Structures are given as C-alpha cells and as structure tokens.
Amino acid sequence: MGVAVTPHHLASDAAIQVMRSGGNAVDAALTAIAVQGTVDPTTCGVGGDLFAIIHRPGEAAPTVLNASGRAGSGATAAAVREAGHDTVPLRSHWSVTVPGCVDGFEALSERYGSRSLGELLAPAIAIAEAGFPAGPELARALGRIQPLIGDQPSAHALYPGGDPPAPDDQLRRADYATTLRAIAADGRDAFYMGAPGQAITAATDGTITSDDLDRRQADWVDPLGCDVFGHTAWTVPPNTQGYLTLAAAWIFEQLGPPRDPESPAFHHAAIEAYRSVAWERDDLVADPDHAPLSMDALVSPGRLSPLLDSISMSQTGTWPTPGFAPGGTAYLCTMDDDGMGVSLIQSNFHGIGSTLSAGTTGVFLHNRGGGFNVEPGHPNEIAPGKRPLHTLSPTLWTKDGNLSMILGTRGGKFQPQLLLQVAASRLWAGLSPADAQNVPRWALPEFGPGSDSILEVEPGIDADGLARLGHRVT
C-alpha cells in the first residue's frame, strides 16, 4: 500500500488511503500536502511555495519541480527604500511573492497524477468543512501569533469565539474549503484569476498585479546531483539552498572522519564541512537568471576541493558570517508499491508567513520575499519577476539508479545542517534508518562575533569533546 511520512497523522492517513485505492506516490503526496495545509496553516498552505523531487524506476535521474513564485511588478529595491526600509520587512506586503503552490499542484497532477486534482483535494476539503482537532503545536502557535494575525479576515476560523484553541478543540475552516473547492473544480485560474488572486492584489497594495498572477510559477528544472557516500544525492538547484547539503556531504567524506557518530571527530568534520560552504550562501543562491555560478559549479569537486586545505580536524576554523533566514515549513515523502518516490516540501516561511491573509479566502500569504535584499546589484536584490533565495532543501538519494533514501526536514536555514547529519549517520556510519534518526544532533543557529562555531546540541552528544576542538557549545 506504499509509505507516507508527513508532519500530521491526518495527512499521512489520507496519503495511505490514496495509495491503498490505487493512486500513485504523486497522488498521495498532493493529497497529503493539501491536508497538511488545512490542519496546520502555520506550516504550509496554498499561499506559499512548493518544491518536489520525483523518482520513477528505470529513470537515470529524478525530475524536479520548482513551484516558487516571483516578486510582483511593484516590488523594487527603490520602492522598499522609499518606504523607509533598509531591508525587506518580513511582516509586510513587500515580503509577499506570488504563491507558487497551486501552480505546483497542477503541474504535478498533469504530469504524474493518476487521479484528477479534484479527487486529490477532496480529503482536505472534507476535513476543512467537517472540522478537525487542533494539534498541540498548532494550538501553541496560534496562541503566540494571535496579536499578529487576529485582525485578518481569514483568522476568524482559527480563533473560535475570539480565543486561541486549546489542543483537541475542533476547528472548521469553511473559508479555506471554499478556496480548495474552487481549485478542485477549475484549477489554477480559480486561484490566481479568481477571488483569491483579487484578494492577493488588494493585500499587497497592488505590488502583485493580475498580470503577475497570470504568469505560471511552476517550472520543471534539471536536478542538482552529487556522488557521495557511494550514492548519488539529488536536490533542487537554486533559487534554493539545497546544494549546501550535497557540498557539505562531499567535503565531509573527503575529510575521512571516524565512522562513529559518538566520536566528537565525526561531528566536528560535519560542522566544519557545513561551515566551509554555508557562509557563502546568500551571495550564491539566487534566481538562476541572476546567480553568479551555474548550479553544477556549486558542487563541483574543483570548486570544493580547495576548501579542504582550510579545514583542520584538530581545531575549528574561522569563516565569514552568513545571513539569517528562519522558517516555518512542512516536509513529506511518499513511495508507492511500484517504486515511485516523492520528496516534497511546502512552506509559508515564517510560521504563517507575512501575517497577511488574502481577504476571507482562508489563505495566508507567505513572506518568501524576505530572501531578497535592497543592495543594488546583489544577486538577491528585490526586483519584479524575480525569484528570491529559498531555504527549502528536499533531497532524494539513488544508488546505481535505484531509489535508496528520501530525506528532508523543515527548519529554515537549519535544513542542510540536519540533512547532512542524518545522511552521514546513515550512509557513512552505516546505521539503520531508526538509529541514524536517533543520533543526537547539533545546530549552528548563527555565527557569533569573529564567526566562531557556536553550537546548540542535543543531550547525548559529546559536548566536552567538541569544546576541546574549539567549538563553543550551549
């Protein structure tokens, strides 16, 4: 009946049911992500973007969908500066780019789906109409963000009686069901050219126009691949940061650390491998039409090999300071009995995104425009029709052309850090999937003054051993 891994049991149940009734892995993934956006809008929804990697047995490389939206016609660095901002404000209409999710739904369904989009959205529509129990995470999040979104028209369904729900309180999202039903019936035009699109233009003060919404946001692109750990690791190329996972894994393997995740040297190699490439992200990851390097150059041994000379296995190094990009995201993966696998990620970015809703449609708008800046000439300078830097980093791994692992996570800028650690534990150390997941993890929240390695670690990691190698551990 296939396998589905999602952030919410209702999304997983819906995906399994689709495959049990004869649908494939793409059908299941579409159903699951639609349900996920319904039962936890602080992770994703049709107001955000979508990326997917699809493996089909017998194909040498997976296919990749980039359904990330572009900046509106009125989004210019000059306009942002004239409004009194020296960065793109995250909680403002300037940060809203055209949501790519619905175009992603349609592209996936048309190319790989065995069921109509209407059939695949039906479970989410039914759940939104009948109601669902608020999960503990959603209840906590809605309590925190009520001051930010409580006055938005689409927030009323999330705060029955005006108060945040307690865990297991029933929520009904009739407004969102109406939007999904329109998409199910009439596809992308119902969203982009219908009531949601008109509300997006209004919510963004005209920064996003009807012409912007008319342009399709989903593109099938070449995958970015890298041979590492005896496998080929695949990810989405820029405008997203997925290359960091591949580049750091390649550097880690070249360093040849012990194959023991309990060894400080194992984690030190992963930390230093990640740090050696992470600092450059904001200058390299951009809309491909504006990026300074080709996607293949990002993971080429010729570019990465010189970094090995700057990494010591006995002492942490110094690197420039990278930018900050947190996130709020839903990752899921599916595999059907025929061997088709899907690695899919969808996001509103900062929790529920910009905090702006598209009128009364139940749609909250993401703030992926926060990946832009207002620096003249920078690859990520905000400009009309341009895609911003993205943090979403799904991966899919093959060996001799066969699917071997589907791996992804939420977590904004932390995604490549976490994926590197699990992949190294699984494929370098040879642990089982369960044991690899249970290895205590580290995170680099940000680099401090002088770009020291300042780590947060989970219980069970050898913090003293890392400290002896020069890492500052909290």
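In what follows, the structure referred to is the one given above.
These numbers were taken from a predicted model, which means no experiment stands behind them. (Residues numbered from 1 in each chain as written. Predicted model: local features only at pLDDT ≥ 70, side-chain atom pairs only at ≥ 80, totals over all residues. Heavy atoms only, no water.)

> Run through the packing of aromatic side chains, naming residues and quoting values.
If you walk through the whole model with that rule in mind, you get six aromatic pairs. Measuring from ring centre to ring centre gives 6.0 Å for phenylalanine 229 and phenylalanine 252, while their planes differ by 85 degrees; the resulting arrangement is edge-to-face. Taken as a pair, phenylalanine 229 in the loop between β7 (224-228) and β8 (231-235) and phenylalanine 252 in helix α11 (residues 243-255) lie far apart in primary sequence, 23 residues in all. Accessibility expressed as a relative area gives 7% for phenylalanine 229, which makes it buried. Members of the aromatic cluster, joined through ring pairs, are Phe229, Phe252, Phe266 and Trp428. Over the ring of tryptophan 428 we find arginine 259; its NZ or CZ atom is 3.6 Å from the centre of that ring. The lysine or arginine in question, lysine 413, covers the ring of phenylalanine 414, its NZ or CZ lying 5.6 Å from the ring centre. (Phe/Tyr/Trp six-rings, centres within 6.5 Å; stacked < 30°, edge-to-face > 60°. Helix = DSSP H or I, 4+ residues; strand = E, 2+ residues; numbered from the N terminus. Buried < 20%, exposed > 50% of the residue type's maximum accessible area, 1.4 Å probe, protein only. Lys NZ or Arg CZ within 6 Å of the ring centre and 35° of its normal.)

> Give a description of the packing of helix α1 (residues 9-20) against helix α2 (residues 25-39) that names residues and reports values.
Relative orientation of the contacting elements α1 and α2 amounts to 155 degrees, with a least axis distance of 8 Å. For the element pair α1 / α2, the angle class is roughly antiparallel. As α1 runs across α2, the sense of the crossing is right-handed. Where α1 abuts α2, its residues Leu10, Ala11, Ala14, Ala15, Val18 and Met19 lie against Ala25, Asp27, Ala28, Thr31, Ala32, Val35, Gln36 and Val39. In terms of residue class, the contact of α1 with α2 is built from 11 nonpolar, two polar and one charged. (Axes fitted to C-alpha atoms, helices over the stretch in contact; angles between N-to-C directions. Parallel < 35°, antiparallel > 145°, perpendicular 65-115°, else oblique. Left-handed = near helix turned anticlockwise from the far one by under 90°. Contact = heavy atoms within 4.5 Å. Nonpolar A, V, L, I, M, F, W, Y, C, P; charged D, E, K, R; others polar.)

> Lay out helix α5 (residues 117-130) with the relevant residues and their values.
The end-to-end C-alpha distance of α5 is 20 Å, a good match for the 20 Å that 14 residues give at a rise of 1.5 Å each. At proline 123, α5 shows its largest bend, some 35 degrees. Taken together, the buried positions of α5 are Leu117, Leu120, Leu121, Ala124, Ile125, Ile127 and Ala128. On its buried face, α5 is in contact with α1, α2, α4 (101-112), β4 (132-133) and α7 (174-186). Where α5 ends, the next residue or the one after it, glycine 131, has phi of about 105 degrees, a positive value. (Expected span 1.5 Å × (residues − 1). Bend = angle between axes of the 7 residues up to and from the residue.)

> Let's hear about the side chain of glutamine 152: which residues, and what values?
With respect to the helices, strands and loops of the structure, glutamine 152 is situated in the loop between α6 (136-149) and β5 (170-171). For glutamine 152, the contacting residues outside a window of four places in its chain are Thr355, Leu356, Ser357 and Phe364.

> Help me get a handle on the environment of threonine 391, residues and values and all.
Mapping threonine 391 onto the fold places it in the loop between β10 (341-349) and β11 (395-399). Judged by relative accessible area, threonine 391 falls into the buried class, the value being 1%. Taking the C-alpha atoms as reference points, threonine 391 and proline 445, separated by 54 residues in sequence, lie 14 Å from one another.

> Give a description of a nonpolar patch on the surface that names residues and reports values.
Nonpolar side chains collect at one region of the surface, where Val3, Val5 and Met335 lie side by side and expose about 240 Å² of accessible area between them. The residue valine 3 is located in strand β1 (residues 3-5) in this model. By relative accessible area, which is 45% here, valine 3 ends up partly exposed. (Patch = residues over 30% accessible without salt bridge, like charges linked within 9 Å, V, L, I, M, F, W, Y side chains within 5 Å. Areas by Shrake-Rupley, 256 points an atom, 1.4 Å probe, with all protein chains shown as cover. Salt bridge = Lys/Arg side-chain N within 4 Å of Asp/Glu carboxyl O.)

> Please provide a residue-by-residue account of the pattern of salt bridges, values included.
Within this structure, the stated rule accounts for 12 salt bridges. Aspartate 103 is the salt-bridge partner of arginine 188, the closest N and O atoms lying 2.8 Å from each other. Linking arginine 188 in helix α8 (residues 188-192) with aspartate 103 in helix α4, this pair joins segments that are 85 residues apart in sequence. For aspartate 103, a relative accessible area of 3% gives the class buried. The salt bridge involving glutamate 129 is made with arginine 181; its shortest N-O contact spans 1.7 Å.

> Explain the nonpolar core to me, and be specific about the residues and the numbers.
Core analysis: the largest hydrophobic core is formed by 72 residues, its most contacted members being Val46, Leu50, Phe105, Leu108, Ile149 and Leu344. Take this core: its biggest share by element is 10 residues, from α2. Setting aside anything within four residues of it in sequence, one finds leucine 50 in contact with Leu65, Asn66, Ala67, Ser68, Cys101, Phe105, Leu108, Leu344, Ile345 and Gln346. Core analysis: the next-biggest nonpolar cluster, separate from the first, contains 47 residues, Leu246, Leu298, Trp397 and Leu444 among them. (Core = buried A, V, L, I, M, F, W, Y, C linked by side-chain atoms within 4.5 Å.)

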